[in-house]
Structures are given as structure tokens and as C-alpha cells.
Amino acid sequence: MANSTPIDFLKQVELFKGLDDSAISIVADRLGKRSYQKGQMLFSENNPRKEIVIIRSGKVVLFKKTPFGKENIISYFGQYDFLGEGTIIDDSPHSTSGRAESKTTVYYITREDLNAVFEKNGPIAMSVYSYIAKTISRRMRQANTRVLNSPVQFESGRTRKEHDLLGDRDVPHEYYYGIQTLRAMENFNISGITLNFFPVLIEAFASVKMAAAYANHELGILDKVIKDGIEKACIEIKNKRLHEHFTVDMIQGGAGTSTNMNANEVIANRALEIMGHERGDYKYCHPNNHVNLSQSTNDTYPTSIKIALFNANTSLVKVLSDSIKSFRKKAREFSKIIKMGRTQLQDAVPMTLGQTFEAYATTLEEEVMRLDENANLFLEVNMGATAIGTGINVDPGYSKAVVKHLRSITGLNIKLAKDLIEATQDTGSFVMYSSAIKRLAIKLSKICNDLRLLSSGPRAGLNEINLPKMQPGSSIMPGKVNPVIPEVVNQIAFKVIGNDLTVSLAAEAGQLELNVMEPVIVQSLFESIEMMKNGLMVLTDKCINGITANPDHCKNMVLNSIGIVTALNPILGYETSTRLAKEAMETNKGVYELVLEQKLLSKSKLNKILSPENMLKPHKVVRK
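Quick summary incoming for the structure in this document. (Residues numbered from 1 in each chain as written. Predicted model: local features only at pLDDT ≥ 70, side-chain atom pairs only at ≥ 80, totals over all residues. Heavy atoms only, no water.)

Observations concerning the layout of surface pockets
Empty space among the atoms becomes visible once a probe the size of a water molecule is rolled across them. The space that makes up the second largest pocket amounts to roughly 450 Å³. Forming the walls of the second largest pocket are 22 residues, and the residues nearest its centre are Ser455, Gly457, Pro458, Val481 and Asn482. Here the lining of the second largest pocket gets 4 residues from one element, more than from any other, and that element is helix α16 (residues 484-508). When its residues are assigned to classes, the lining of the second largest pocket shows 10 nonpolar, 7 polar and 5 charged. (1 Å grid on protein atoms, 1.4 Å probe; cavity = no way out; pocket = protein on both sides within 12 Å on 5 of 7 lines; lining within 4 Å. Points joined across faces, edges and corners; volume = space filled by probe spheres on them. Helix = DSSP H or I, 4+ residues; strand = E, 2+ residues; numbered from the N terminus. Nonpolar A, V, L, I, M, F, W, Y, C, P; charged D, E, K, R; others polar.)

Quick look at the sheet that holds strand β3 (residues 51-57)
The 4 strands are arranged β1-β8-β3-β6 in an open sheet whose pairing can be described as antiparallel. Edge positions in the sheet fall to β1 (32-36) and β6 (82-83), since each of these pairs with one other strand and no more. (Pairing = 2+ DSSP bridges.)

Things to note about the environment of Asn607
You can see Asn607 is positioned in helix α22 (residues 603-609). Separated by 15 residues in the primary sequence, Asn607 and Tyr592 have C-alpha atoms spaced 9.1 Å apart.

Brief notes about the nonpolar core
Counting residues in hydrophobic clusters, the biggest one holds 117 residues, and the most contacted among them are Ile230 and Phe357. Ranked by the residues each element gives to this core, the list is headed by helix α11 (residues 297-333), at 14 residues. Those residues within four positions of Ile230 in sequence are excluded, and the remaining contacts are Lys209, Ala213, Leu222, Ile267, Ala271, Cys285, His290 and Val291. One finds Phe9, Leu15, Ala23 and Ala125 within the second-largest nonpolar core, a separate group that totals 24 residues. (Core = buried A, V, L, I, M, F, W, Y, C linked by side-chain atoms within 4.5 Å. Buried < 20%, exposed > 50% of the residue type's maximum accessible area, 1.4 Å probe, protein only. Contact = heavy atoms within 4.5 Å.)

Some points on the packing of helix α7 (residues 199-218) against helix α8 (residues 224-238)
Put simply, α7 and α8 touch, their axes get as near as 9 Å, and they point 160° apart. Relative to α8, the element α7 lies roughly antiparallel. As for how α7 packs across α8, the hand of that crossing is left-handed. Residues Ile202, Glu203, Ala206, Ser207, Lys209, Met210, Ala213, Tyr214 and His217 of α7 lie in contact with α8, whose contacting residues are Lys224, Lys227, Ile230, Glu231, Cys234, Ile235, Ile237 and Lys238. The residue inventory of the contact of α7 with α8, partitioned by class, reads 9 nonpolar, 2 polar and 6 charged. (Axes fitted to C-alpha atoms, helices over the stretch in contact; angles between N-to-C directions. Parallel < 35°, antiparallel > 145°, perpendicular 65-115°, else oblique. Left-handed = near helix turned anticlockwise from the far one by under 90°.)

Details of the packing of aromatic side chains
Across all of its chains, the model carries 11 aromatic pairs by this definition. On the basis of an interplanar angle of 70° and a centroid distance of 5.6 Å, the ring pair of Phe357 and Tyr360 is categorised as edge-to-face. Pair noted here: Phe357 and Tyr360 are both in helix α12 (residues 353-375), with a separation of 3 residues, about one helical turn. With a relative accessible area of 0%, Phe357 lands in the buried category. An aromatic cluster is present here, built from Phe327, Phe334, Phe357 and Tyr360 joined pairwise through their rings. (Phe/Tyr/Trp six-rings, centres within 6.5 Å; stacked < 30°, edge-to-face > 60°.)

Details of the state of the cysteines
Applying the stated criterion across every chain yields a total of 0 disulfides. Between Cys285, a free cysteine, and Cys234, which holds the nearest cysteine sulfur, the sulfur-to-sulfur gap is 9.5 Å. (Disulfide = S-S within 2.5 Å.)

A short note on helix α17 (residues 518-542)
Relative to the 36 Å expected for 25 residues at 1.5 Å per residue, α17 spans 35 Å between its end C-alpha atoms, a close match to the ideal helical length. The element α17 is largely enclosed, with a buried count of 18 among its 25 residues. (Expected span 1.5 Å × (residues − 1).)

Section: a negative patch on the surface
A grouping of Glu380, Asp419, Glu422 and Asp426 is seen on the molecular surface, where their side chains present a negatively charged patch. Of note, Glu380 is situated in strand β13 (residues 380-381). (Patch = residues over 30% accessible without salt bridge, like charges linked within 9 Å, V, L, I, M, F, W, Y side chains within 5 Å. Areas by Shrake-Rupley, 256 points an atom, 1.4 Å probe, with all protein chains shown as cover. Salt bridge = Lys/Arg side-chain N within 4 Å of Asp/Glu carboxyl O. Lys, Arg positive; Asp, Glu negative; His and termini not counted. Charge placed at Lys NZ, Arg CZ, Asp CG, Glu CD.)

Looking at the pairing of strand β9 (residues 159-164)
On β9, burial follows the alternation: Arg160, Glu162 and Asp164 on one face are buried, whereas Thr159, Lys161 and His163 on the facing-out side are not. By the bridge criterion, 6 bridges tie β9 to strand β10 (residues 167-172) in an arrangement that is antiparallel. Each bridged residue has a counterpart across the sheet, and for Asp164 the counterpart in β10 is Gly167. In this structure, the hairpin formed by β9 and β10 is closed by a connection of 2 residues.

What is shown is where atoms sit, not what they do.
See below:
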């Protein structure tokens, strides 16, 4: 490739495959060449489109910034891929950003040069425009996968005939999945949540299938050409390509067989293309005979799930850690603000608002450790167990080899279970992790309850803090603003708690050598993780970071509270303190006021007793 001419290179680019040599030569004459170092931007979101970029070597990541400034990775692109094709259509700005992930060299052709070529060469324009239209249509369908039912995407006309145990079916030519995925789409139109809603799961399947191909080739039972095809297909999937072809509903019968076959078929058909064959020409690379070699759904499905959940937990913990930092920042900001602590919603003893927020940070920090401890259970897998754990149809060296390659591919400390029969039927790790997410949800919901109470009012509630105003609160009550962000996080917590019950019931429903209810366990866990991640991000960015305090109001409530009598108890005694509390309630006077009025203590001594340093931590008590 290093010595190839631009003409030779363009012949490999899909955009120009409809052109003959003379037409390609015309385009090649207009090409420019440019190099980028790792981290350099090729183009940025909202900046003008000026050119089509074709990757000669290297790797480019396409991403979009979220409203919170985080990067949402869309896809990775490599040699022969092209970007910026919208340049041909109009002059609208880039909707995404492209950055070099390694040292990258590209060819580029500007809009002006393309237009010049098109004006003089109609056939070139027709060919390129035709391909661009198909590409944009395909990408639009991919974007819509999250909101449309999969069968809506069937395109038309051209099909390929495939067969399975139940007979023959025509599969739309444009798709990489095959007959078993097609049947699953028809059978399990259940939740509307398909595999491609969770890229981390698809990427984990690609890792498992690639490790299996490596192991089978190493053991001499998989041809190198087929291994290479499977490997390249899996790398593309790990780089977020082809995800729109993972169309099976997350909730399904068959213990995950439809998910496994969806992966097998997509990988096989893409491998066939890479090897130079037509999709569906399975004699060269078969979904079962080659991609699923030495495997069963009953070992690849749980292994893929566990890898995906481990990686999803890493993302969840990162978002949780950001929330903890925000609570801790508020704790420092509010460290000098005295407020009334409460038990059973009644005045208790004084504290600082900073202590309130520090407690939130600490309680959530405990959950980081709990989540990570339970996620580590996912690193034990049953690869090589095949159907029930006996390892039928597997080479004696397969389990050791596949786990070795899986560790290398994923970078995770994966180990083989000691008893594969037990591991194949056991869902204990899912139960433990689900309980950890539930525990986090319960704590987070309690915190949100507190935030709603502390901000209640503003005139007839506690009104110690102010939450950011996010939207008008009523269609009938002018001026009302509701604590909508804590409210939505409460509701997320309720869903997570319900999902934990689903996981528990499904885990209990296992029978003999397999638990066929794993799909609903998987769907519940991934839904809980995604909802918790999204909820934490929203809570942090739209609520915690913008909380302000009402320090004067907090202090006045302390001074007017009967609760400060507790601080006087060691000095005045329980009987006197009780009498003061009762009198304060009956006369609507403050304890502070009554102590001075009855000359029980001097003002200086009373102020010293009620000073923050004496009320907020242990200290030596000297009785009156």
C-alpha cells in the first residue's frame, strides 16, 4: 500500500468503485494529501464542511459532544474509509467531529474540485451521488434503530435465500444478519429494546468470537483465511461498525440463542465479504461451523454478558465518582453554614450544611467499592463448557487457549471457572451485582428525598437550599418551580429496585443444568446501569453543581429551634432542659431567649456553649 499510486488506492475506496480507470484518474488528479499526528482534529462539529477526506493510513474516531461536554463515540474509521461526504450535498456544517487516533495520512478533495469534476463528467457525478445517497440512507436507518422497530427497516427487492432446521427464508440482501436472526425478530417483538441499544454488549460478543477464532486456529481446527476474516469482522464491530445489524430484542426465549446467532451471522457475513465472497455463501465461512466453532450459546452468551457488564460498571463508577466529587465540593462550599439537624422530621441538634453534603459524598463513595467488588465476580467465565459444562465437541486445550486470548483482547483478568457444570447453571454473580446497583439506587433516592425536603417552600417549607430552576412547575400555578431533577432520579431508583426483583426471580427460576431466564436478567441489569448512569449525570450537572444555600435562614432556624436545648443538657441538666423545651413550645419563645430571660447562663457563656465548635463535634463538658 505504501508504494501504491492514488489511482490504485481509489480503486479500493467504496465511493469510487463504480468508476472505470479513466474516471478514477480524473478524480485522482484533484486529490490533495495531508498528515495528522495522534490527537489532531480533522474537522470539528459546527464548522463548515469543505472537503471529503479519505483515510490512506491510520485511524480516525468520529464523535459528538453531549450537552454535558462529554464525548459520545459514534464510530472508528480506517484505511479506505471516507468522511465528510455531506460536502457533496450542501454546505451545512459538520454535525460531528473527527480526530486522529494514531498517526494518520489522508487524501482529500475539496467541494470546488469535486464540482469541477462533476460539471465536466456527468457519469462520475451520477455514480458518486448514487453511492452517497445509499450511504446517507444507511446511516439514517442506523440512527433510527433506537426508535423504530427492526422490521420497519427492511428495504426492498433484492434478497438472498437461506435455510435452517425449519426451512428456507428470503433474507434482505442489505443486511448482515441471517435466517435465525430474521426468525428471532419476528418471534420476539417484545420490549422494543434491541441489542444495539447496548454497544458494550455487542463489542463484548465480538471479543469472545475473536478469542474463539484465535484459539481454534491455534489448535489447528480453523483455517487461517477464515480466522483472519472473522478477526477483521470482529475488529470492525469492536470499532462500533455494523451495530445496526444486531436487531434481536433483549428479552427473548431460548436462553440467548437468538443473540448468539445474531452475532454469529453478522460476523460470518462480514467475514465473507472481507474474504471476497457474497453474503450468505456459508461454505466459505459458516455462522455455526466456523464463527461458533467450539462454542455453545450456553458459554459464549454468559461470557459476553459478563465482559459487557464489567465494562459497563467501569463507566457507571466513573459517572458516580463525578457525582461524589460534586457533593464534596458543595460540602466545602457550605462548611461554615450552621443549620438544624433533624431526626424523624423533628428538630434534633445543630450541624453544618457542609456536613450534610459530606455525608452524601461518603455514603455514595462506599458504593464505588461495593460495585467494583461485585463486578469482579464477572471475571470468572465458563468458556469451553458448551452445552451443559461437560465440554462436548471441544478440543482438550480449547478452554485454556480461549481464556488466554480473551484476557489479551479485553485487557481484563479473566479466569476459567473451576467447575464448568456449576458455572453454566449459576447466575449468582448477576444477583450480587444487581443487589449492589439496588443499594446504590436506594441511597441515591434517599439523597434526592433530602434535597426535595431541604429545598421545600420557598415560603412554607424548610428552604435551607435552592435547587437550580429547570422548568416552570405548573400549568395553573404561576411562579411555581418543582424539584424535577431529584424527582426523576427517585423514579429511576424505583425502576432499578424493580429490576432487582426481576433478576432475583429469574435467577431462582433456573432448572437443572441451565437457567433459560438469563435474557431478562441481562435486559434488567443493562437497563439499570444505563438509567443510573444517565440519572447521575443529570443529577450532577443539572442539580448538585448549581445548589445554593440560604445561610441566614439556616442560622435563624437554629436560634429559634427548641433543638439547641440538647447542647445545654450537660450543663443545665435534663430536668431544667426539659422544662425549658416545654416552656419554649408553649410560649413560642426560643430556648436561647428563655435561658437569658431566666438568667440560667450569662450571654457570653451561652454563646460559647452554642458556638459551632462546641455543637458540631465532641468536647469536654463543664457543668454549671
